[in-house]
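# Examining the three-dimensional arrangement
Read off the chains here:
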Amino acid sequence: MIRAFVALPLPDEIRSRLSVAQFLLPLPRKVPPENFHITLAFLGEVAVPALQEVDLALGALRLPRLALSLQGLGLFGGARPRSFHASVVPDPDLARMQARIARACAMAGAPAEARRFVPHVTLGRFRADLADAMRLERSAAEGAGFAAGPWTADRFVLYRSERGGDGPRYDELASYPLTA
Ligand code: ATP
Ligand code: MG
């Protein structure tokens, strides 16, 4: 079984903008900049034959390039935040792309986790207590002015995720072009 997800990688320039913003945040566990991405579909543990079907299905999709931007910082997890992120500016083409990719994965036999799609780049994960949560909320509010982009997303990627001692490692299994 392979732990897999589909995501948009980020250009170097956007990654460095994010790492500067991240540096200023009181995050106990920072996502390393080479791991920054926008998840489109989290597939979880997938058997190799199903993953080959997913690869075929994703390779058959014809999806347009997108102009994407980041705006603002936020927390997921409500009163007990568990991750800190930069928000992607909502885009109907991105939502359509995500839905088509999720459908393709499901039809290939690897349904994506059915979480509502809120496009974001995770900058840090944690188990926050109340004091941390308030500090992080303040940082998110202060980061409302954070903005990066636009950039052109010209490919999406099927990643393998492997848990390691100091955080996960992501490897590109396949890359699919977005065409104009
Ligand atoms: P770790 O779980 O080891 O702290 P991670 O969350 O980066 O690290 P994975 O759990 O393999 O690594 O997740 C890969 C990507 O899929 C991440 O962007 C993660 O936020 C996202 N993801 C994980 N689980 C889900 C889920 N249930 N629904 C939607 N997205 C998910
Ligand atoms: Mg995880």
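Look a little higher up for the structure.
Every value quoted in this text rests on a predicted model; they were computed, and no experiment measured them.

### Points about the site of ligand 1
Neighbouring residues of ligand 1: R3, F5, H37, T39, F42, E113, R115, R125, S161, R163, P168 and Y170. Here R3 contributes a side-chain N or O atom positioned 2.6 Å from an oxygen atom of ligand 1. Contact between ligand 1 and T39: an oxygen atom at 2.6 Å from a side-chain N or O atom of the residue. In isolation ligand 1 offers 600 Å² of accessible surface; the protein chains occlude 82% of this area. At the level of secondary structure, the elements contributing two or more residues to the shell around ligand 1 comprise β1 (2-8), β2 (38-46), β7 (155-164) and β8 (167-177). Class assignment of the residues belonging to the shell around ligand 1 gives a composition of four nonpolar, three polar and five charged.

### Remarks on unusual backbone geometry
Here the residue pair G149 and P150 is connected by a cis peptide bond, since its omega of 5 degrees sits within 30 degrees of zero. Topologically, P150 is positioned in strand β6 (residues 147-153).

### Here we look at the side chain of N35
Secondary-structure assignment places N35 in the loop between α1 (12-23) and β2. For N35, a relative accessible area of 10% gives the class buried. From its side chain, N35 meets the backbone oxygen of P168 in a polar contact 3.3 Å long. If we ignore the near neighbours within four places in the chain, the residues touching N35 are P168 and Y170.

### A few points about the pattern of salt bridges
All chains considered together, the criterion is met by five salt bridges. Between D12 and R15 there is a salt bridge; the shortest N-O distance is 2.7 Å. Linking D12 with R15, this pair stays in helix α1, spanning three residues, or about one helical turn. The class for D12 is exposed, based on a relative accessible area of 56%. Since its relative accessible area comes to 21%, R15 is described here as partly exposed. In this structure, the salt-bridge partner of D171 is R169, at a minimum N-O distance of 2.9 Å.

### Points about the environment of R65
For R65, the position within the fold is in the loop between α2 (48-60) and β3 (66-76). Looking at R65, the relative accessible area reads 45%, which means it is partly exposed. Taking C-alpha positions, R65 is 7.6 Å from R155, a pair spaced 90 residues apart along the chain. The contacts of R65, once residues within four sequence positions are left out, are T152, A153, D154, L178, T179 and A180. Reaching out from R65, the side chain makes a polar contact with the backbone oxygen of L178 at a distance of 3.4 Å.

### Topic: the sheet that holds β2
Pairing in this open sheet of four strands is antiparallel, and the strands run β2-β1-β7-β8 from one edge to the other. Two strands lie at the open edges of the sheet, namely β2 and β8, each paired on one side alone. Within this sheet the neighbouring strands show an average axis-to-axis angle of 25 degrees, counted without direction. Pairing between β1 and β7: four bridges, direction antiparallel. Considered in β7, the bridge of V6 is made with L158. Relative to β8, α2 is tilted by about 45 degrees, and along the sheet it contacts β1, β2, β7 and β8.

Rules of the game
- Residues numbered from 1 in each chain as written.
- Chains lettered and ligands numbered in written order.
- Predicted model: local features only at pLDDT ≥ 70, side-chain atom pairs only at ≥ 80, totals over all residues.
- Heavy atoms only, no water.
- Near = heavy atom within 4 Å.
- Polar contact = N/O pair within 3.5 Å; in protein donor to acceptor, adjacent residues only side chain to side chain.
- Areas by Shrake-Rupley, 256 points an atom, 1.4 Å probe, with all protein chains shown as cover.
- Helix = DSSP H or I, 4+ residues; strand = E, 2+ residues; numbered from the N terminus.
- Nonpolar A, V, L, I, M, F, W, Y, C, P; charged D, E, K, R; others polar.
- Buried < 20%, exposed > 50% of the residue type's maximum accessible area, 1.4 Å probe, protein only.
- Contact = heavy atoms within 4.5 Å.
- Salt bridge = Lys/Arg side-chain N within 4 Å of Asp/Glu carboxyl O.
- Pairing = 2+ DSSP bridges.
- Axes fitted to C-alpha atoms, helices over the stretch in contact; angles between N-to-C directions.

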